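# Understanding the architecture of this molecule
One-letter residues, chain by chain:
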Amino acid sequence: MTTETCVIPVIRTPKDYQAFRISPQDTNRLAIVFDPISANMSLTYCVEIFDVGGKTPPNRHQLAVEMFFVLKGQGRATCDGKTVDISAGDSILVPATGTHEIENTGPGRLYALCIMVPNEDFAELIRSGIPAELDEEDLAVLRRSDGLRVS
């Protein structure tokens, strides 16, 4: 006889997301969707929001793989000296130890889903930053009520 287990999913909506700037001079905000506490596993899933001209500093992770999916906007991704232009619908996979940065090159904000596995203290770094608000433009993109539909 087999025993069936019902797994109850964890559901979050944009009103549940907490956003932070890691440091005062940062030109990007990270809105945490899931972290090791809420997901009960070692991952961080957030939405990274880059202001016009914003970019991450070059960074690398010892163990974690980091994945990005561009929701809206235009930018440039660099990893280990290789640079590509990115826009809505593009995906980026950064291997562990890859030195990388993302830059907003478009006329508006750049929005990207960001997933890091394992967490490697990323959620803790984000939460140690400065709380930031999600404005109506951010919420419109996160709710997909900006008139754009992914098909």
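Here, every reference points to the structure presented above.
Quantities reported herein were computed from a predicted structural model and do not represent experimental measurements.

## Comments concerning the overall build of the protein chain
Helix and strand content of the protein chain: three helices and 10 strands. Walking the protein chain from its N terminus toward its C terminus, one meets helices and strands in the order β-β-α-β-β-β-β-β-β-β-α-β-α. Relative to its length of 151 residues, the protein chain is compact, with a C-alpha radius of gyration of 16 Å against a globular reference of 15 Å. When burial is assessed residue by residue, the protein chain has 39% of its 151 residues classed as buried. Here the analysis covers contacts within the protein chain between residues at least 6 apart in sequence; of these, 67% occur between residues at least 24 apart. Total accessible area on the protein chain stands at roughly 8,700 Å², and carbon and sulfur atoms take up 58% of it. Considering the protein chain, the positive charge centre built from 14 side chains and the negative charge centre built from 21 side chains are found 4 Å apart.

## Describing the sheet that holds strand β4 (residues 65-72)
The strand order across the open sheet formed by seven strands is β7-β4-β9-β3-β2-β1-β10, and the pairing between neighbours is antiparallel. A strand with exactly one partner marks an edge of an open sheet, and here the two such strands are β7 (91-94) and β10 (130-132). The sheet shows a mean angle of 30° between the axes of neighbouring strands, taken without regard to direction. Of the pairings in the sheet, the one linking strand β3 (residues 44-50) to strand β9 (residues 110-117) comprises seven bridges and is antiparallel in character. Directly across from Y45, in β9, lies its bridge partner I115.

## With respect to the sheet that holds strand β5 (residues 74-79)
Read across the open sheet, the three strands follow the order β6-β5-β8; overall the sheet is antiparallel. Here the strands that pair on one side only, and so sit at the sheet edges, are β6 (82-87) and β8 (100-104). Across the sheet, the axes of successive neighbouring strands diverge by a mean angle of 20°, strand direction being ignored. When β5 meets β8, the two strands line up antiparallel, connected through five bridges. Bridge pairing in β8 links C79 to H100.

## Concerning a nonpolar patch on the surface
Where nonpolar side chains cluster on the molecular surface, the patch consists of M67, L93, I115 and V117 and spans about 310 Å² of accessible area. Secondary-structure assignment places M67 in strand β4. Residue classification places M67 among the partly exposed residues on the basis of a relative accessible area of 30%.

## A few points about the environment of E120
Mapped onto the elements, E120 comes out in the loop between β9 and α2 (122-127). Linking E120 and L63, residues 57 residues apart in sequence, is a C-alpha distance of 7.1 Å. Sequence-distant contacts of E120, that is, excluding residues within four places in its chain, are made with H61, Q62, L63 and A64. Polar contacts involving the side chain of E120 include one to the main-chain amide nitrogen of Q62, which spans 2.7 Å.

## Quick look at the state of the cysteines
A covalent bond between the sulfur atoms of two cysteines is what we call a disulfide. Applying the stated criterion across every chain yields a total of zero disulfides. Left without a disulfide partner, C46 is nearest to the cysteine sulfur of C114, which lies 4.2 Å away. Not engaged in a disulfide, the cysteine C79 finds its nearest cysteine sulfur in C114; these two sulfurs lie 13 Å apart.

The rules we used
Residues numbered from 1 in each chain as written. Predicted model: local features only at pLDDT ≥ 70, side-chain atom pairs only at ≥ 80, totals over all residues. Heavy atoms only, no water. Helix = DSSP H or I, 4+ residues; strand = E, 2+ residues; numbered from the N terminus. Rg over C-alpha atoms; globule rule 2.2 N^0.38 Å. Buried < 20%, exposed > 50% of the residue type's maximum accessible area, 1.4 Å probe, protein only. Contact = heavy atoms within 4.5 Å. Areas by Shrake-Rupley, 256 points an atom, 1.4 Å probe, with all protein chains shown as cover. Lys, Arg positive; Asp, Glu negative; His and termini not counted. Charge placed at Lys NZ, Arg CZ, Asp CG, Glu CD. Pairing = 2+ DSSP bridges. Axes fitted to C-alpha atoms, helices over the stretch in contact; angles between N-to-C directions. Patch = residues over 30% accessible without salt bridge, like charges linked within 9 Å, V, L, I, M, F, W, Y side chains within 5 Å. Salt bridge = Lys/Arg side-chain N within 4 Å of Asp/Glu carboxyl O. Polar contact = N/O pair within 3.5 Å; in protein donor to acceptor, adjacent residues only side chain to side chain. Disulfide = S-S within 2.5 Å.

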